[in-house]
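Here is what each chain is made of, one letter per residue.
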Amino acid sequence: MSQNPNSGPSPVYEDYTRCIHCGLCLNACPTYRLWNLEADSPRGRIQQMFRVFQGESSGQSQPEARFSQGFVDHINKCLDCRACETACPSGVEYGKLVEHARARIERRYERSWIAQVARNFFFRDFLSASHFIEDAARVFRLYQRSGIQAVARGIGILKLFGLAERDRLLPQIDGDFFFNRFGSTFAPVGPRRARVAFFAGCIANVTFSRLNEATIRVLTANGCEVVVPKEQSCCGALSAHAGFRDAARGFARKNLEAFQLHDFDAIVTNAAGCGSTMKEYDHLFSTHELEHAQARAFAAKTRDVAEFLADLGLTAKLGSLRLRVTYQDSCHLLHGQKIREAPRKLLRGIPDLDFVELPHSEICCGSAGTYNVTQTETSLQLLAEKMRHAQSTGAETIATANPGCILQLRAGVTLHHLNQNVLHVVELLDRAISGR
Ligand code: SF4
Ligand code: SF4
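Attention here is on the structure that accompanies the text. Numbering of residues begins from 1 in every chain and follows the order in which that chain's sequence is written. Numbering of ligands from 1 and lettering of chains from A proceed in the order in which they are written. It should be noted that, the model being predicted, local features are given only for residues of pLDDT at least 70 and side-chain atom pairs only at 80 or more, the latter also being counted only at that level, while totals for whole chains, interfaces and linings use all residues. By convention in this description, side-chain values take in all heavy atoms of the structure and omit both hydrogens and water.

1. A few points about the overall build of the chain
Stage number 1. Across its full length, the chain carries 24 helices and 11 strands.
Stage number 2. We take the radius of gyration over the C-alpha atoms and set the globule estimate at 2.2 Å times the residue count to the 0.38 power. The C-alpha radius of gyration computed for the chain amounts to 21 Å, which stays within 12% of the reference 22 Å derived for 436 residues, consistent with globular compactness.
Stage number 3. A simple rule labels every residue: compare its accessible area, found with a 1.4 Å probe on the protein chains alone, to the largest value its type can have, and call it buried under 20%, exposed over 50%, or partly exposed in between. Split into buried and exposed, the 436 residues of the chain put 56% on the buried side.
Stage number 4. Partitioning the contacts of the chain with sequence separation of at least 6, the portion at a separation of at least 24 is 77%.
Stage number 5. For the area figures, the Shrake-Rupley method with a 1.4 Å probe applies, and any residue is considered shielded solely by the protein chains shown. Surface summary for the chain: the accessible area is close to 18800 Å², and the carbon and sulfur share equals 53%.
Stage number 6. Think of it this way: Lys and Arg go in the positive column, Asp and Glu in the negative one, and His and the chain ends go nowhere. Every charge is mapped onto a representative atom, which is NZ of Lys, CZ of Arg, CG of Asp or CD of Glu. Looking at the chain, you have 51 positive and 45 negative side-chain charges, and the mean spots of the two groups are 3 Å apart. In this description a helix means any DSSP run of H or I spanning at least four residues, a strand means any run of E spanning at least two, and both kinds are numbered starting from the N terminus. Contacts are assigned to residue pairs that have any heavy atoms within 4.5 Å of one another.

2. Describing the nonpolar core
Stage number 1. What we call a nonpolar core is a set of buried Ala, Val, Leu, Ile, Met, Phe, Trp, Tyr and Cys residues that are connected through their side-chain atoms within 4.5 Å. Membership of the largest hydrophobic core comes to 70 residues, with the highest contact counts inside it found for Val196, Leu219 and Leu347.
Stage number 2. By size, the runner-up hydrophobic cluster in this structure holds 25 residues, among which are Ile46, Phe67, Phe71 and Cys88.

3. What about the site of ligand 1?
Stage number 1. Here a residue is considered near a molecule or strand provided that any single heavy atom belonging to it is located within 4 Å of it. Around ligand 1 sit Cys29, Pro30, Pro42, Arg45, Cys78, Leu79, Asp80, Cys81, Arg82, Cys84 and Tyr94, and that is every residue in its neighbourhood.
Stage number 2. Charged residues are taken to be Asp, Glu, Lys and Arg, nonpolar residues to be Ala, Val, Leu, Ile, Met, Phe, Trp, Tyr, Cys and Pro, and polar residues to be all remaining types, Gly included. For the shell around ligand 1, the residue count by class is eight nonpolar, no polar and three charged.

4. Section: the sheet that holds strand E8 (residues 324–327)
Sheet strands associate in pairs through backbone hydrogen bonding, adopting either a parallel or an antiparallel arrangement.
Stage number 1. At least two bridges found by DSSP between two strands are what make those strands a pair. Strand order across the open sheet formed by four strands is E9-E8-E10-E11, with parallel pairing between neighbours. The sheet is open, and its two borders are formed by strand E9 (354–357) and strand E11 (421–424), each paired with just one other strand. With direction set aside, neighbouring strand axes in the sheet form an average angle of 35°.
Stage number 2. In terms of strand pairing, E8 meets E9 through four bridges, oriented parallel. Bridging from a neighbouring strand, Thr326 pairs with Val356 of E9. Note on geometry: axes are C-alpha line fits, over the in-contact stretch for helices, and angles between N-to-C directions span 0 to 180 degrees.

5. As for the site of ligand 2
Stage number 1. Lining the immediate environment of ligand 2, one finds 13 residues, of which Cys19, Cys22, Gly23, Cys25 and Cys88 sit closest.
Stage number 2. Looking at the shell around ligand 2 residue by residue, the class counts come to nine nonpolar, three polar and one charged.

6. Looking at the state of the cysteines
Disulfides are covalent bonds that link the sulfur atoms of two cysteine residues.
Stage number 1. Two cysteine sulfurs form a disulfide in these notes if their separation is within 2.5 Å. By the definition in use, this model includes zero disulfides.
Stage number 2. Free of any disulfide, Cys364 has its nearest cysteine sulfur in Cys331, 3.9 Å distant.

7. Examining the pattern of salt bridges
Stage number 1. For this document, the term salt bridge refers to a Lys or Arg side-chain nitrogen within 4 Å of an Asp or Glu carboxyl oxygen. Taken as a whole, this structure holds 32 salt bridges when the rule is applied.
Stage number 2. Measuring nitrogen to oxygen at the nearest pair gives 2.6 Å for the salt bridge that ties Arg181 to Glu213. A residue pair is termed long-range when its members are at least 10 positions apart, and Arg181 in the loop between helix H11 (164–169) and strand E3 (185–186) and Glu213 in helix H13 (residues 209–221) qualify at 32 residues.
Stage number 3. When the shortest N-O distance is used, the salt bridge between Asp352 and Arg322 registers 3.5 Å.

8. Digging into the sheet that holds strand E4 (residues 194–199)
Stage number 1. Read from one edge of the open sheet, five strands run E3-E5-E4-E6-E7, paired in mixed fashion. Whereas interior strands pair on both sides, the edge strands pair on one side only; in this sheet they are E3 and strand E7 (302–304).
Stage number 2. Helix H18 (residues 305–312) rests against E4, strand E5 (224–227), strand E6 (266–269) and E7 of the sheet, and its axis sits at about 90° to E7.

9. A short note on the environment of Arg18
Stage number 1. Following the sequence through the fold, Arg18 ends up in the loop between helix H1 (13–17) and helix H2 (30–35).
Stage number 2. Residue contacts for Arg18: discarding those within four places in its chain leaves Ser90, Gly91, Val92 and Glu93.
Stage number 3. Residues adjacent in sequence count toward polar contacts only when both atoms are side-chain atoms; beyond that, a polar contact is any pair of N or O atoms within 3.5 Å, and within protein one must be able to donate a hydrogen and the other to accept it. Within polar-contact distance, the side chain of Arg18 engages the backbone oxygen of Gly91 at 3.2 Å.

10. Some words on a nonpolar patch on the surface
Stage number 1. Excluding any residue in a salt bridge, patches collect residues exceeding 30% relative accessible area, merging like charges within 9 Å and nonpolar Val, Leu, Ile, Met, Phe, Trp and Tyr side chains within 5 Å. Residues Trp113, Ile114 and Val117 make up a contiguous nonpolar surface patch of about 370 Å² in total accessible area.
Stage number 2. Relative accessible area serves as the criterion here: at 54%, Ile114 is assigned to the exposed category.

11. Focus: the pairing of E8
Stage number 1. Sheet topology note: the E8/strand E10 (residues 397–400) ladder contains three bridges and is parallel. Bridge pairing in E10 places Thr326 opposite Ile398.

Here is the structure:
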């Protein structure tokens, strides 16, 4: 890795040439499966990124020179789902390469001033400040609950402006925000088996408060003391994936300070996308930077909630759930963290739950961070395929491991007029424990 003072280490020659062009990743790639285009395959994208790298290294391309629209489009159409990493026999770290390509695009691609201002605000300021998130949530809550949303849908104005699908993707805003629990400690039920810090996310604090509450109930029911550190911040995943690595480094620094590692057995998250980034915090810092060692220690303590519970073993008594459930792998749990069995093990452990595998569950549902907003059409194509497979299982409930996937799949249920319930794995555990 070479160094960049603002964005940390960058890929070097060997990171690109590790690709031996074997093509074993092609069929794993959602965009290649859709369009059959080499330029929208992992191999094709690596080649394009390598050419940019070579141009910069040889001095043929000036750092301030603009990128071609074609390059930007092919990189933007990538979901950063990392399914190609799982398939690759040569150990290509594709996620790193694409994040750095996006950081280069961010520096060298000319956007309209309004797009630049909006992106800077969202990826740097909005995600970093709970008051921005809470204010926006209150506005959306008013839109959803005052009847304006129903009227806008009813008279077709959203369709007229091409916003109908995006409106369906809007999360339901919570009545009570989870930010209110920051700084709290939750006692274990029975003897303490572990003391954990809970990472609560950013936007999830206004859209997934009930999931966060359920996660804490399941952890405490299984003997964990749970602390919600007060000064925690967004993990930085959305910013890193969009090319704002300097902002992601800022978020990581805040979290390195907020979580006193020696106090906890683990840092637990229920968001696979956040966990994947937090487990790679050390990739954001060069080895000579002070934060690097701290980031490695932080990464080593980070656990997805399913991974943590499956390792710890459940002690809470699980009641019966007579439900047929299928499971959609969240890309950043399966491909980012290589966790496949833990959520399945937990689901299969619930009495009377009929677990059925989802065909092609390893293929992205199209959520992919902000992809469903920036590449809505492709995202909806992937979602349609996903819902067709979910329907084929006959399951009443689709379980998954990431809030972003939950939103996407719920939108799929609505758009395709289906009736499945979409829940996080811990929400099913919570129901089994509480008997509700
Ligand atoms: S990250 Fe996903 S969409 Fe992007 S190239 Fe790899 S498999 Fe394809
Ligand atoms: S599987 Fe790996 S080595 Fe083979 S083409 Fe894809 S990225 Fe390159």
